[in-house]
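# Coordinates in review
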Amino acid sequence: MEPVRYGVGVAVTVRAMAPATLVEIVNEWGTVPREVAGERDRPYPSGRGLDDDAPRRVADRVHPIFASATAAEAAELVNVLLTETAVVPLVVLADGRPEALWAVDRPGDALLASAALTLRDHLDRHGFTRLGTCAGSRCADVYIDTSPTRDRRYCSTTCQNRARAAAFRRRHAGSRRSV
Ligand SMILES: [Zn+2]
């Protein structure tokens, strides 16, 4: 694909990323998920051609959107990212065929813009209720609820099972006390 000149500087083309990729970036790189899990020093995943700071920066900007209390708050935070990265729609020729893409002027904004586009699409298609942070006691990982029942509360079956076991122990302890 030809690099595109757009306004000042050379635009970098951007696409929304897969929702699962965004969840992975937030949970692997985010400061809050690491601190809540007591894993601040866990090594960062290597690679994919990204410098270490970019995914962490994106994760820390995106986590509050998943943790938002209301749809209005989530929408506002997404709009801040869209405005800040100044991501714009473009038509680009790919092998002579026009293709609709997005672009940013600063390469350092590409990943953040991609994350913002993913959340914009998600909110438009599925609404706010399917975004969340784990209800586990020592977990702040995020999830996107794709269950038909729309009642997901945990990031993983590991956290769900841990919470179930803790609830069982609490009930068990309660019944012993009441004897
Ligand atoms: Zn969890």
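Okay, so let's go over this structure. Bear in mind that the values here come from a model prediction, so they are computed numbers and not experimental data.

### Considering the overall build of the protein chain
Within the protein chain, the secondary structure is distributed over six helices and six strands. Going residue by residue from the N terminus, the α and β elements of the protein chain occur as β-β-α-α-α-α-β-β-α-β-β-α. Looking at the protein chain residue by residue over its 179 residues, the buried ones come to 36%. Surface summary for the protein chain: the accessible area is close to 10,800 Å², and the carbon and sulfur share equals 53%.

### Describing helix α1 (residues 19-29)
For α1, the set of buried residues is L22, V23, I25, V26, N27 and W29. Check the buried side of α1 and you find it contacts α2 (31-36), α3 (53-66), α5 (110-126) and β6 (142-144).

### So, α5
Residues that lie three or four places apart on an α-helix share one face, since the helix turns once every 3.6 residues. For α5, spanning 17 residues, the distance from its first C-alpha to its last is 24 Å, which sits close to the expected 24 Å at 1.5 Å a residue. Along α5, the residues that are buried comprise A110, L111, L112, A113, S114, A115, A116, L117, T118, L119, H122 and L123.

### Describing the nonpolar core
Formed by 32 residues in total, the largest nonpolar core has its most connected members in L22, V62, F66, L119 and L131. Secondary structure elements with two or more residues in this core: α1, α3, α4 (71-85), α5 and β6. Counting residues per element, this core draws most heavily on α5, which supplies nine residues. L119 has contacts with L22, V62, I65, F66, V78 and L131, leaving out every residue within four places of it along the chain.

### What to know about the packing of α1 against α5
Interhelical geometry of α1 versus α5 gives an angle of 125° and a closest axis separation of 10 Å. When the interaxial angle is binned, α1 and α5 end up oblique. Seen along the crossing, α1 lies across α5 with a hand that is left-handed. Contacts between α1 and α5 involve P19, L22 and I25 from the former and L111, A115, T118 and L119 from the latter. Looking at the contact of α1 with α5 residue by residue, the class counts come to six nonpolar, one polar and no charged.

### Considerations on the pairing of strand β4 (residues 97-104)
Where strand β3 (residues 88-94) and β4 come together, seven bridges link them in antiparallel fashion. Of the residues in β4, the one forming a bridge with V92 is E99. Once β3 ends, the chain turns through two residues before running back antiparallel as β4, passing D95 with a positive phi of about 55°.

### Here's the deal with the side chain of H63
Along the chain, H63 falls in helix α3. When residues no more than four places from it in sequence are discounted, the contact partners of H63 are V26, V32, P33, T133, A140 and V142.

### What to know about the packing of aromatic side chains
Between two aromatic rings, the relevant description is the distance of the centres plus the angle of the planes. One pass over the full model with this rule turns up one aromatic pair. Taking the centre distance of 5.1 Å and the plane angle of 20° together, the rings of W29 and Y44 count as stacked. Here W29 is found in helix α1, whereas its partner Y44 is found in the loop between α2 and α3, with 15 residues between them in sequence. For the cation-ring pair, R34 lies above Y44, with the distance from its terminal atom to the ring centre recorded as 3.9 Å.

Basis of the calculations
- Residues numbered from 1 in each chain as written.
- Predicted model: local features only at pLDDT ≥ 70, side-chain atom pairs only at ≥ 80, totals over all residues.
- Heavy atoms only, no water.
- Helix = DSSP H or I, 4+ residues; strand = E, 2+ residues; numbered from the N terminus.
- Buried < 20%, exposed > 50% of the residue type's maximum accessible area, 1.4 Å probe, protein only.
- Areas by Shrake-Rupley, 256 points an atom, 1.4 Å probe, with all protein chains shown as cover.
- Contact = heavy atoms within 4.5 Å.
- Expected span 1.5 Å × (residues − 1).
- Core = buried A, V, L, I, M, F, W, Y, C linked by side-chain atoms within 4.5 Å.
- Axes fitted to C-alpha atoms, helices over the stretch in contact; angles between N-to-C directions.
- Parallel < 35°, antiparallel > 145°, perpendicular 65-115°, else oblique.
- Left-handed = near helix turned anticlockwise from the far one by under 90°.
- Nonpolar A, V, L, I, M, F, W, Y, C, P; charged D, E, K, R; others polar.
- Pairing = 2+ DSSP bridges.
- Phe/Tyr/Trp six-rings, centres within 6.5 Å; stacked < 30°, edge-to-face > 60°.
- Lys NZ or Arg CZ within 6 Å of the ring centre and 35° of its normal.

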